[in-house]
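Working through the structure, step by step
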Amino acid sequence: MSDSLYERIGGADAVDAAVDLFYRKVLTDPDVNDFFDTTDMDDQRAKQKSFLTMAFGGPHDYTGKDLRTAHEKLVADGLNDSHFDKVAGHLQATLEELGVDADAIGEVMAIAGSTRDDVLNR
Amino acid sequence: MAHISFAGAKYSLGPEESVLECLERAEYEIPFSCRNGVCLTCMMRVREGEPPRASQKDLREGQRQQGYFLPCVCHPEDDLDIESPSDAELYGRGVVTDVTQLSANICRLRLKAATPLFYHAGQFINLRRGDGLVRSYSLASVPRLEDTLELHIKRLGRGRMSNWIHDDLKVGEALDIQGPNGDCYYIGDQPERPLLLIGNGSGLAPLFGIARDALAAGHMGQIYLYHGSRMADGLYYMDEMRSLAQENDNFHYVPCLSGEDAAVREAAGARDGRAEAVALADHTGLADWRVYLCGYPPMVKSAKKLAFLAGAALADILADSFELQDLRREPRE
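Residues numbered from 1 in each chain as written. Chains lettered and ligands numbered in written order. Predicted model: local features only at pLDDT ≥ 70, side-chain atom pairs only at ≥ 80, totals over all residues.

This part is about the domain arrangement of chain B. Residues and elements named next belong to chain B. Each assigned domain of chain B is listed here: domain 1 (3-87), domain 2 (89-182) and domain 3 (195-325). For domain 1 versus domain 2, the distance between C-alpha centres works out to 26 Å. At the junction of the two partners, domain 1 supplies 8 residues and domain 2 supplies 9 residues. The residue makeup of the side of domain 1 that touches domain 2, split by class, is 4 nonpolar, 3 polar and 1 charged. (Domains from an automatic or database assignment. Contact = placed C-beta atoms within 7 Å. Nonpolar A, V, L, I, M, F, W, Y, C, P; charged D, E, K, R; others polar.)

Structural data, given as structure tokens:
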């Protein structure tokens, strides 16, 4: 298995396929959709896209500090572990829907999980 | 902190300040309209330095390469040396060939461009009056069907340009025109896709163009056009829309009224409610559809979310949001 996770999942095309599915799931979930801004949906979609690229092991320039700053206000508004788990669940469901194999899903979920403390500003 | 060099002087950019705001603080009068990166009225060019990508997002590739950028959404981290593009580069002349009242407060303006404009129906152009006032209007005309540019001008309470066009502009007079701009137009790549067109007020202008462009191109998928207004006198071009529907089996016209009683609605043959609400109730599964939203920003914003949640891909939702400069900056009469 020499290919990177990003290549195995399908690279940028997979991100494009996943981003609308994933964003639609979080926007229709009343437990978390208050945290997702819909004043500029195109801008929000671009953010989801860079997040997915990172979670898929792709090229990104995210740092722990960026994640902290980006979520600071949301944490002040009550963002907690239960919301993180919900969104992670939507990510997993998106990947399953796209037919990504279980091993790759496990790797993506591990990367996403590794951001928990930064996202929740701990 | 970044510095802006302009007209032989250097200015420090304040925190959060856009390049446009910085130049205004220095008392330059840069023409602008939307202040939101949409209308392209304030477009400038860099002589040295790299404009942030966000300030070039909606420009054409050729313009980007030439260093054009939008100062209203430009927050550079590094120094920029900038200039105003010379008018000759951007503006052409258009002669008025027709001004006709279409409804109580919307008139049709037709212009003949001195040099042919290559555009798609649904894009917009900027009109500039002799005193420098600039406003954006969307194109209802279709290049392959007619050789004049057609715009629908809604009269706004204190709208300086719209009142002038309605009351004073005469056939034979000339205006400066710049464009085309915007990406809300018919894309003929997949002629079998269903299209959903939703607009209110003079948002019918781009949709009228897009629908006729699609039909003239031989579009085979169903095309639904929902035009909304609060009162019945805001619906216009109803005969044109209905004959278009008669001539084309795959074109459907649905006028909507949100502020009239049943008798008035029935007389007009209109449905009850706002255009986006009626449209999204009729069409609940929008996967594979292409959606066009034109008109007042709150409608465009809410319809965009509804269409997305109904399954349309965000990349397939094209919007022309009318940012009303005069109404935002001055109280309504």
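Residue and element names in this part refer to chain B. Spatial strand order, S2-S1-S5-S3-S4: 5 strands in an open sheet with mixed pairing. The open sheet is flanked by strand S2 (9-12) and strand S4 (68-69), the only strands paired with a single partner. Across 2 bridges, strand S3 (residues 44-48) lies against S4 in antiparallel orientation. Considered in S4, the bridge of Arg-45 is made with Tyr-68. (Pairing = 2+ DSSP bridges. Helix = DSSP H or I, 4+ residues; strand = E, 2+ residues; numbered from the N terminus.)

Low-confidence regions, as indicated by low pLDDT, have predicted coordinates that should not be scrutinised in detail. For chain B, per-residue confidence averages 91 on the pLDDT scale, and residues scoring 70 or more make up 96% of the total. At the level of chain-chain contacts, confidence expressed as ipTM amounts to 0.82, with global pTM at 0.79. (pLDDT = per-residue confidence, 0-100.)

All names here are of chain B. Cis geometry marks the peptide bond from Gly-179 to Pro-180; its omega dihedral reads 5 degrees. Despite not being glycine, Leu-40 shows a phi value in the positive range, around 70 degrees. With a phi angle near 75 degrees, Asp-288 is a residue other than glycine that sits in the positive phi range. For Asp-288, the location among the structural elements is in the loop between helix H8 (275-282) and strand S16 (290-295). Residue class for Asp-288 comes out partly exposed when judged on the 14 C-beta atoms lying within 10 Å of it. (Buried ≥ 20, exposed ≤ 12 C-beta atoms within 10 Å, placed from the backbone.)

Moving on, we come to the interface of chain B and chain A. With 6 residues of chain B in contact, the opposing surface of chain A contributes 8 residues. Here the residues of the side of chain B that touches chain A are counted per class, giving 4 nonpolar, no polar and 2 charged.

Residue and element names in this part refer to chain A. Packing of helix H5 (residues 81-97) against helix H6 (residues 102-113) brings their axes to within 11 Å, and their N-to-C directions diverge by 160 degrees. In terms of axis orientation, H5 runs roughly antiparallel to H6. You can see that H5 and H6 cross each other, and the crossing is right-handed. The residues of H6 that touch H5, namely those facing Ala-88, Leu-91, Gln-92, Leu-95 and Glu-96, are Ile-105, Val-108, Met-109, Ala-112 and Gly-113. A class-by-class count of the residues in the contact of H5 with H6 yields 7 nonpolar, 2 polar and 1 charged. (Axes fitted to C-alpha atoms, helices over the stretch in contact; angles between N-to-C directions. Parallel < 35°, antiparallel > 145°, perpendicular 65-115°, else oblique. Left-handed = near helix turned anticlockwise from the far one by under 90°.)

This part is about the packing of helix H2 (residues 11-27) of chain A against helix H3 (residues 41-55) of chain A. All names here are of chain A. Running from N to C, H2 and H3 point in directions that differ by 120 degrees, and their axes come no closer than 9 Å. Put simply, H2 runs oblique to H3. Considering only the axes of H2 and H3, their crossing is right-handed. Along the contact surface, H2 presents Val-15, Ala-18, Val-19, Phe-22 and Tyr-23, while H3 presents Arg-45, Gln-48, Lys-49, Leu-52 and Thr-53.

Here the focus is the pairing of strand S14 (residues 251-257) of chain B. All names here are of chain B. Among the 7 residues in S14, 6 count as buried, and that is most of the element. Relative to S14, strand S13 (residues 223-229) is paired through 7 bridges, and the arrangement is parallel. Residue pairing across strands places Tyr-226 opposite Val-254, the latter belonging to S14. The handedness of the S13 to S14 crossover, carried by helix H6 (residues 238-247), is right-handed. Relative to strand S15 (residues 271-272), S14 is paired through 2 bridges, and the arrangement is parallel. In the sheet register, Leu-257 faces S15, and the bridge partner there is Asp-272. Each parallel crossover has a hand, and for S14 linked through helix H7 (residues 262-268) to S15 it is right-handed. (Right-handed = clockwise from strand over helix to strand, strands pointing away.)

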